[in-house]
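# Descriptive structure summary
Chain residues, written in single-letter form:
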Amino acid sequence: MPPILALLLAAGTSLLPSALAHSHINYLIINGLLYPGFDPTGRTHNRNNTVGWSTTAADDGFVPPSNYSSPDIICHVNGAPALAHAPVPQGAKIHLQWNGWPQSHHGPVLSYLAPCDSTTGCSTVNKTALEWTKIDNSFPALIDETPSPPGDWATDVLIASNNSWQVGIPANLAPGPYVLRHEIIALHYANRKDGAQNYPQCVNLWVHSAEGAAAATPTKTLSLGAGVGTPATRLYKATDPGVTVDIYTKLGTYVIPGPTVVAGVTPVPLAQQRVSSVPTADGTALLVTAGKTVPFLGPTGR
Ligand SMILES: *[C@@H]1O[C@H](CO)[C@@H](O)[C@H](O)[C@H]1NC(C)=O
Ligand SMILES: *[C@@H]1O[C@H](CO)[C@@H](O)[C@H](O)[C@H]1NC(C)=O
Ligand SMILES: *[C@@H]1O[C@H](CO)[C@@H](O)[C@H](O)[C@H]1NC(C)=O
Ligand SMILES: *[C@@H]1O[C@H](CO)[C@@H](O)[C@H](O)[C@H]1NC(C)=O
Ligand SMILES: [Cu+2]
């Protein structure tokens, strides 16, 4: 970015069109199959197949550090569970398609999982009781400050990947229903008081065992039972070094907010993020009816 642009940003001008455009997850792709996310800007949803949690963030906006202990940080403003779950084999990569991302909004890309009850799934879950374990922190979030700050961040990789991010589901993750909390923290105003911007997005998954050649070699199962993770309202503090940075000065290093990635899990490396992923068909989402998971076979209506 030219220094003059950085100065304008640092000075807080909102003349840049990109500063107005925020985003949400449009859809996910798992092994070529598309599952719809939730569009908060007004699209009508068939809730039977939408796997993205609903929110009232109609401006596609963010949650500020002053609200890090508010339930809004869990799954965005007034986040409420999706009815459907996207089925996903252990070890699969999930392609999360954002509806664009502004270049100015540099920052880390984070992903967490929280387990739900294995019979009732995630559609009726109490979001404040969810306990989150980090499975991806886009390390290194700050990729390159040369020739000058702010340089390239994980978000620049996301933009270069057609505004998408690949999240790996651990091959040894215990099968069952999970909420995936995927989040971008934009740092373009983090040099101001309460200036960082968190964009959390939640989707329901139902993890099942991989089959055939993709099956995991026997290894210790990753069980995210009670007490393993952290409630989202305790993930971050407004004083965290990773949310009080001035990205227009040379940082050298950057401390990614939140807990560390759970032991034994390797996030999809940055070098493998830049893949094109165009869906081949619509996926069949899973609903829980009378305590049983059933495929939703209706039209998906993206
Ligand atoms: C959603 O599923 C419920 C329960 O199976 C069904 O009654 C309803 O018609 C479905 N809605 C749509 C739009 O398919
Ligand atoms: C932060 O939370 C307060 C209290 O719930 C709310 O009024 C305000 O709109 C929130 N701010 C943002 C930017 O979401
Ligand atoms: C939801 O979970 C929170 C935290 O565990 C708990 O305090 C609250 O009572 C629960 N709400 C309901 C309706 O169960
Ligand atoms: C890029 O993303 C758009 C949706 O935002 C999608 O329609 C298009 O197919 C994607 N292209 C590639 C090459 O992945
Ligand atoms: Cu924005």
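Placed above this text is the structure.
Let us look at the structure shown here. (Residues numbered from 1 in each chain as written. Chains lettered and ligands numbered in written order. Predicted model: local features only at pLDDT ≥ 70, side-chain atom pairs only at ≥ 80, totals over all residues. Heavy atoms only, no water.)

### Some details on the state of the cysteines
This is how the line gets drawn: Disulfides are defined as pairs of cysteine sulfur atoms found within 2.5 Å of each other. Each residue's exposure class comes from its accessible area (1.4 Å probe, protein chains only) as a fraction of the maximum for that residue type: buried when under 20%, exposed when over 50%, partly exposed otherwise.
Under the counting rule described, the total for this entry stands at two disulfides. Between the sulfur of Cys 116 and that of Cys 122 lies a disulfide, 2.1 Å long from S to S. Judged by the sign of its S-S torsion, about 105°, the cystine formed by Cys 116 and Cys 122 is right-handed. What makes Cys 116 buried here is its relative accessible area of 11%.

### A short note on the site of ligand 3
Our working definition: Residue proximity to a molecule or strand is established when one non-hydrogen atom of the residue lies within 4 Å of it. Counted as a polar contact is a pair of N or O atoms within 3.5 Å, where, for protein atoms, one must be capable of donating a hydrogen and the other of accepting one, and residues adjacent in sequence contribute only when both atoms are in side chains. Here the Shrake-Rupley method, with its probe set to 1.4 Å, supplies the accessible areas, and only the displayed protein chains count as covering residues.
Around ligand 3, a shell composed of Asn 126, Thr 128 and Ala 129 is seen. Residue Asn 126 places a side-chain N or O atom 2.3 Å away from an oxygen atom belonging to ligand 3. Residue Thr 128 places a side-chain N or O atom 3.4 Å away from an oxygen atom belonging to ligand 3. Bound to the protein, ligand 3 loses 25% of the 360 Å² it would expose on its own.

### Some details on the coordination of the copper ion (ligand 5)
Six octahedral donors around a metal ideally sit at 90 or 180 degrees from one another, while four tetrahedral donors ideally sit at 109.5 degrees. Inclusion rule: Donor atoms: N, O and S within 2.8 Å of the metal, or within 3.2 Å for Na, K and Ca. Because water is excluded, sites can look incomplete. Strands here are runs of E lasting at least two residues and helices are runs of H or I lasting at least four, both read from the DSSP assignment and numbered beginning at the N terminus.
The coordination sphere of the copper ion (ligand 5), as far as protein atoms go, consists of His 22 (ND1) and His 105 (NE2), spread over 2.0 Å. Here His 22, found in the loop between α1 (3–10) and β1 (25–30), pairs with His 105, found in the loop between β4 (93–98) and β5 (109–115); they are 83 residues apart in sequence, far enough to count as distant. His 105 matches His 22 in its accessibility class, with the two residues each being buried.

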